[in-house]
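# Coordinate inspection notes
For reference, the chains in residue letters:
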Amino acid sequence: MNASASTAAAGSASATTGIVMAALIGLGLIVFAGHLQASTLHDAAHDVRHATGFPCH
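Okay, so let's go over this structure.

About the cut-offs
Residues numbered from 1 in each chain as written. Predicted model: local features only at pLDDT ≥ 70, side-chain atom pairs only at ≥ 80, totals over all residues. Heavy atoms only, no water. Helix = DSSP H or I, 4+ residues; strand = E, 2+ residues; numbered from the N terminus. Areas by Shrake-Rupley, 256 points an atom, 1.4 Å probe, with all protein chains shown as cover. Expected span 1.5 Å × (residues − 1). Patch = residues over 30% accessible without salt bridge, like charges linked within 9 Å, V, L, I, M, F, W, Y side chains within 5 Å. Salt bridge = Lys/Arg side-chain N within 4 Å of Asp/Glu carboxyl O. Buried < 20%, exposed > 50% of the residue type's maximum accessible area, 1.4 Å probe, protein only.

### Description of the overall build of the protein
- Check the secondary structure of the protein and you find 2 helices and 0 strands.
- By element, 71% of the accessible surface of the protein is carried by carbon and sulfur atoms, the whole surface being about 4600 Å².

### Some points on helix H2 (residues 38–51)
- Over its 14 residues, H2 extends 20 Å from the first C-alpha to the last, a length consistent with the 20 Å expected when each residue adds 1.5 Å.
- The positive-phi residue at the C-terminal boundary of H2 is Gly-53, with phi of around 80°.

### Looking at a nonpolar patch on the surface
- Together, Val-20, Met-21 and Leu-24 give the surface a local cluster of nonpolar side chains, amounting to about 280 Å² of exposed area.
- Summarising the element assignment, Met-21 is placed in helix H1 (residues 3–34).
- Using a relative accessible area of 45% as the deciding quantity, one classes Met-21 as partly exposed.

Structure (structure tokens):
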């Protein structure tokens, strides 16, 4: 195997790892949010809006 082929293989593995990690984090967030009460999610989003200076009222 030449250097360019091994570099391409390493890049492909790195991209696959990134995609898998992003999918796991996304799934974790969905599952976590699915088990919270709606008022808890609203309050958290509301607090973040105020902390970042985004008008929400």
